[in-house]
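# A structural walkthrough
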Amino acid sequence: MILQWRDSDFPPEQKVLGVIYDAGAILQTDLTEILGISIYMSQYYVRRMNGEQENPLIVKRLMRSALHRKEAKRFYTLSEEGAKYVHRMIGNPRNAKGVDALAFHQLGLIAILMRVIRVIGQEGVSWYSTSEATDLLAATILQENPAMSEDDLRTQLIRPDAALLHDGRLAWIEFDNSTEGARQLQIKYSQYNSLLQKVSPEERRVVWIAKDEKRVNVMRAAWRGWIERVGKDNAPADMNFFVETQETELLFGNYQDAVRELSENSP
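Below: a short report on this structure.

Conventions adopted
Sequence order sets the numbering: in each chain, residues are counted from 1 along the sequence as written. Local features in a predicted model are, by the rule used here, given only for residues with pLDDT of at least 70; side-chain atom pairs are given and counted only at 80 or more, and totals for whole chains, interfaces and linings are based on all residues. Computation of side-chain values covers all heavy atoms of the structure but excludes hydrogens and water. Think of it this way: any DSSP run of H or I at least four residues long counts as a helix, any run of E at least two long counts as a strand, and we number them from the N terminus. In this scheme, a residue with accessible area under 20% of its type's maximum is buried, one over 50% is exposed, and one in between is partly exposed, where area comes from a 1.4 Å probe on protein chains only. Exposure was quantified through the Shrake-Rupley algorithm and a 1.4 Å probe, taking into account, for residues, occlusion by the shown protein chains and nothing else. Here, a strand pair is defined by DSSP locating no fewer than two bridges between the strands. A contact between two residues is defined here by any heavy atoms of the two lying within 4.5 Å. Between N-to-C directions, angles span 0 to 180 degrees; the directions come from axes that are lines fitted to C-alpha atoms, helices contributing only their stretch in contact. Each Phe, Tyr or Trp ring, with Trp reduced to its six-membered ring, pairs with another whose centre is within 6.5 Å; inter-plane angles below 30 degrees give stacked pairs, above 60 give edge-to-face pairs, and intermediate values give tilted ones. Take the buried residues of types Ala, Val, Leu, Ile, Met, Phe, Trp, Tyr and Cys, join any two whose side-chain atoms come within 4.5 Å, and each joined set is a nonpolar core. Expected helix span is taken as 1.5 Å per residue step, with the number of steps being one fewer than the number of residues. As used here, the arc belongs to the directions running from the helix axis to the C-beta atoms. For this analysis, a salt bridge means a side-chain nitrogen from Lys or Arg found within 4 Å of a carboxyl oxygen belonging to Asp or Glu.

### Observations concerning the overall build of the protein
Along its length, the protein carries ten helices and eight strands. Classification of the 267 residues of the protein by burial places 47% in the buried group. Carbon and sulfur atoms form 47% of the exposed surface of the protein, whose accessible area is close to 14000 Å².

Okay, structure coming up:
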C-alpha cells in the first residue's frame, strides 16, 4: 500500500520506486509529500535509479494546461522495466506492466488520496490501489462466505479503482471519467450490489467521484433507475456520489451530517 513505503526498511531510492509503482502515476509534489522528502532529494533519487540506462526505470513526464503551459507539473510513471524491478524488489510474481494510457486516471485517483491526507494526515489511513482493492474485495468475500469457491468468485469479481480505509470505515472508490453511459453504469451498480450483499454492512460503501455536478446527476439518475427496476430491497450497496474535492466529507467530524444529506438525496 502506497502510504506504507515512507516507514518501510527499503532504501530511499527504492521507496520512490515503490510509491510510483503503487500510484501508477504521481505528481512530483505528491511523491515528496507522501515520503516526507524535498523536491531536490526526489530528483536525486530518480537520477540514481535511472542512472545512465538506455531504458530508464522511472519515466519523467510533464502535464501541461492548454492555457498555462508555463505552469507545467512534473509527474512520474514507471517503465515496464521499472515495474519489473519493483516486482523483483517485493517478490511479486505477477506480470509487470508500465503505465501509459491510464496515467491521467491514476493521477486523478492519487489526487483523492492527497486531499484526504492533507486534512487528516497519513496516520491510520490505508489506501489500496486497483489491484490491491480487488484482492481485498475478493479476500473479504471469501472470508465471509467460506462455501464460495475462488473460481465462482472470479466470474463475478469487479475491479474497484481503489479502496480507502480509515477509522474502521471502508470505502470502495470509483473515479469516473465520463466515458460510460447510463446502461454501463447500471451494469456496474448491479455487479457491486451482487458482490456487496455477501459482505457486512460496514463494507458496502461505494464512493463515486466525478468531475462536475452534471456528471454526478447523470450517475445518480442511473442509480435511481436501477433501483426502480430491481427494488430497494435488492440494493444493499451504500452508493455515494460526489463532485471532486467534496468526497472527503465522509472522513471528517461531520460524517453523520454527510450521510444524512446523502440519504435525503438518495432514492
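Having seen the structure, we can now continue with the description.
### Things to note about the sheet that holds strand β2 (residues 58-63)
Ordered by their spatial adjacency, three strands build an open sheet running β1-β3-β2, and the pairing between neighbours is antiparallel. Each edge of the open sheet is held by one strand with a lone partner, namely β1 (26-27) and β2. Looking at chain direction, β2 and strand β3 (residues 73-78) are connected through six bridges and run antiparallel. Looking across to β3, one finds that M63 is bridged to K73. This element, helix α5 (residues 103-120), spans β1, β2 and β3 of the sheet and lies at about 110° to β3.

### Brief notes about the sheet that holds strand β7 (residues 205-210)
With mixed pairing, five strands are arranged side by side in an open sheet as β4-β5-β6-β7-β8. Every interior strand has two partners, whereas the edge strands, β4 (125-128) and β8 (238-243), have only one. Geometrically, the sheet is characterised by an average inter-axis angle of 25° between neighbouring strands, direction not taken into account. Two elements, β7 and β8, share six bridges in a ladder whose sense is parallel. Residue pairing across strands places I209 opposite F242, the latter belonging to β8. Running over the sheet, helix α6 (residues 130-144) touches β4, β5 (162-166) and β6 (169-175) and is turned about 100° from β4.

### Concerning the packing of aromatic side chains
Following the criterion strictly, the structure yields nine aromatic pairs and no others. When the centroid spacing of 6.1 Å and the interplanar angle of 75° are considered together, the rings of Y189 and F241 count as edge-to-face. Within this pair, whereas Y189 is found in helix α8 (residues 182-196), its partner F241 is found in strand β8, the two being separated by 52 residues in sequence. Relative accessible area serves as the criterion here: at 0%, Y189 is assigned to the buried category. Among the aromatic residues, those joined into a ring-pair cluster are Y189, Y192, W208, W223, W226 and F241.

### Regarding the nonpolar core
Counting 38 residues, the largest nonpolar core has I2, I34, I58, W127 and I173 as the members making the most contacts within it. Here the element with the most residues in this core is α5; it accounts for seven residues. Apart from the residues within four sequence positions on either side, I58 is in contact with V16, L17, I20, V46, M49, N50, Y76, T77 and L78. Core analysis: the next-biggest nonpolar cluster, separate from the first, contains 31 residues, A163, Y189, V206 and W208 among them.

### A closer look at the environment of D167
Secondary-structure assignment places D167 in the loop between β5 and β6. Note on D167: relative accessible area 57%, which makes it exposed. Each C-alpha atom, one on D167 and one on S126, is 9.7 Å from the other, the two residues being 41 residues apart in sequence.

### Side note on the environment of G225
Structurally, the position occupied by G225 is in helix α9 (residues 213-230). Along the sequence, G225 and R183 sit 42 residues apart, while their C-alpha atoms lie 9.9 Å from each other.

### Concerning α9
Here α9 contains 18 residues, and its C-alpha end-to-end distance of 26 Å stays within 8% of the 26 Å for a straight helix at 1.5 Å per residue. Looking at α9, one finds that the buried residues are R215, V216, M219, R220, A222, W223, W226 and I227. In a view along the axis of α9, the buried residues occupy a sector of 160°, so they form one face of it. Opposite its buried face, α9 presents the exposed residues K214, E228 and R229, each directed more than 90 degrees away. Contacts made by the buried residues of α9 are with α8, β7 and β8.

### Details of the environment of R183
Among the structural elements, R183 can be located in helix α8. Judged by relative accessible area, R183 falls into the exposed class, the value being 68%.

### Remarks on the pattern of salt bridges
For the structure shown, the criterion picks out 14 salt bridges. Of the charged contacts, one joins R48 and E13 as a salt bridge, the two residues approaching to 3.5 Å between their closest N and O atoms. You can see R48 sitting in helix α3 (residues 39-50) and its partner E13 sitting in helix α1 (residues 12-23), a full 35 residues away along the chain. Taking relative accessible area as the criterion, E13 reaches 12% and is therefore assigned buried.

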